[in-house]
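Notes for the structure review
Single-letter residue listing:
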Amino acid sequence: MLTPPGRLLPRPMSLCTAPEGELGFLIDPIGPGTRALCAARPGEAIGVLGPLGNGFDLNVAKPLLVGGGIGVAPFPYLSEQLKVGCGSEPQTLLGFRTAWHAEAAALIPNAEVVLEPTYVTEALPSGYDVLACGPEPMLEAVRKLAPDAQLAWEAPMACGFGACYGCVVEIDGALKRLCVEGPVLSSRAARSQPAAQLAAHPASS
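Note that the coordinates shown come from a computational prediction; the quantities given were computed from them, not determined experimentally.

**Thoughts on the layout of surface pockets**
Taken as a whole, the second largest pocket spans an internal volume of roughly 200 Å³. The wall of the second largest pocket is formed by 14 residues, among which Tyr128, Asp129, Val130, Ala146 and Asp148 lie closest to the centre. Partitioning the lining of the second largest pocket into residue classes produces 9 nonpolar, 3 polar and 2 charged.

Rendered as structure tokens:
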């Protein structure tokens, strides 16, 4: 998680790139916290906490990365790690609202891009080990098509240690905290319920 300059609460962020001595993040400035992060100048301090929870299982035979919108953020780093294990970059399918948003696809090798009104689920091939990250409606649709997919869920977070229950989703009738049990959950086990319906959370974008 990243704590913007001058803000009290951190924002959950996926690691996008990790060149030697650096950490890179892909941020959409849609709220006061993310705008503060994007406006940070050289020399300003940004608090970093992580890694938190559980990531993707890289032990897959035929990976396919499926992302939507800012959910593509972890894929440059993930693709690099999978290349180390598999010997080549995995195939990637990305969906965006506009061509401007789709510029982020340049960060990821072997990326096939679809733009609305076409959705990634319409172009989703069979026979792959799906690793997906994106908005909840996209993940729910992917889950129906790929029962064994690994899904990285998104939710606001505040503490990062499972104490505030601000990032809760419902899994098999039990509340699971994405910062501890997630954010990557099995497609078969995941039944999402927005955290705002379960517990008031103090974090926002």
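Additional details are given in the paragraphs that follow.
**Some thoughts on the sheet that holds strand S10 (residues 184-186)**
Reading across from one edge, S5-S4-S3-S6-S7-S10 is the order of the 6 strands in this open sheet, with mixed pairing throughout. Taken across any chain shown, the strands that pair with only one partner, and hence form the sheet edges, are strand S5 (111-115) and S10. Taking the axes of each pair of neighbouring strands and ignoring which way they run, one obtains an average angle of 20° across the sheet. Looking at chain direction, strand S7 (residues 150-152) and S10 are connected through 3 bridges and run antiparallel. From the neighbouring strand, alanine 152 faces S10, where its bridge partner is valine 184. Running at roughly 180° to strand S3 (residues 63-68), helix H2 (residues 75-86) makes contact with S3, strand S4 (91-96) and strand S6 (129-133) of the sheet. Along the sheet face, helix H3 (residues 136-145) touches S3, S6 and S7 and points at about 165° away from the line of S6.

**Focus: the nonpolar core**
Ranked by internal contacts, the top residues of the largest apolar core, which has 23 residues, are Val66, Val130, Ala132, Met138, Val142, Leu151 and Leu178. Contributing elements (two or more residues each) for this core: S3, S6 and H3. For this core, the leading source of residues is H3, giving 3 residues. Apart from the residues lying within four places of it in its own chain, the contact partners of valine 142 are Val66, Thr121, Val130, Ala132, Ala149 and Leu151. Judged by nonpolar contacts, the second largest core, of 17 residues, contains Leu78, Ala104, Ala105 and Cys133.

**Comments concerning the pattern of salt bridges**
Tallied over the entire structure, the rule returns 3 salt bridges. With a shortest N-O distance of 2.6 Å, arginine 143 and glutamate 140 are connected by a salt bridge. Of the two residues, arginine 143 and glutamate 140 are both situated in helix H3; the distance of 3 residues between them amounts to about one turn of the helix. Judged by relative accessible area, which is 22%, arginine 143 ranks as partly exposed. By relative accessible area, glutamate 140 is classed as buried at 16%. The salt bridge involving glutamate 181 is made with arginine 177; its shortest N-O contact spans 3.3 Å. Relative accessible area serves as the criterion here: at 25%, glutamate 181 is assigned to the partly exposed category. Relative accessible area serves as the criterion here: at 19%, arginine 177 is assigned to the buried category.

**Focus on the confidence of the model for the chain**
Chain-level statistics for the chain give a pLDDT mean of 85 and a share of 90% at 70 or above. The model gives residues 192-205 a pLDDT under 50, and that stretch makes 36 contacts with residues more than four places away or in other chains.

**Concerning the state of the cysteines**
Applying the stated rule across the entire model yields 0 disulfides. Lacking any disulfide linkage, cysteine 179 is separated from the closest cysteine sulfur, that of cysteine 167, by 3.8 Å. Judged by its relative accessible area of 4%, cysteine 179 falls in the buried class.

**What about the side chain of arginine 177?**
Note that arginine 177 resides in strand S9 (residues 174-177). Engagement of the side chain of arginine 177 in a polar contact is seen with the backbone oxygen of glycine 162, the distance being 2.9 Å. Excluding anything up to four places from it in sequence, arginine 177 contacts Gly162, Tyr165, Cys167, Val168 and Gly182.

Definitions and cut-offs
- Residues numbered from 1 in each chain as written.
- Predicted model: local features only at pLDDT ≥ 70, side-chain atom pairs only at ≥ 80, totals over all residues.
- Heavy atoms only, no water.
- 1 Å grid on protein atoms, 1.4 Å probe; cavity = no way out; pocket = protein on both sides within 12 Å on 5 of 7 lines; lining within 4 Å.
- Points joined across faces, edges and corners; volume = space filled by probe spheres on them.
- Nonpolar A, V, L, I, M, F, W, Y, C, P; charged D, E, K, R; others polar.
- Pairing = 2+ DSSP bridges.
- Helix = DSSP H or I, 4+ residues; strand = E, 2+ residues; numbered from the N terminus.
- Axes fitted to C-alpha atoms, helices over the stretch in contact; angles between N-to-C directions.
- Contact = heavy atoms within 4.5 Å.
- Core = buried A, V, L, I, M, F, W, Y, C linked by side-chain atoms within 4.5 Å.
- Buried < 20%, exposed > 50% of the residue type's maximum accessible area, 1.4 Å probe, protein only.
- Salt bridge = Lys/Arg side-chain N within 4 Å of Asp/Glu carboxyl O.
- pLDDT = per-residue confidence, 0-100.
- Disulfide = S-S within 2.5 Å.
- Polar contact = N/O pair within 3.5 Å; in protein donor to acceptor, adjacent residues only side chain to side chain.

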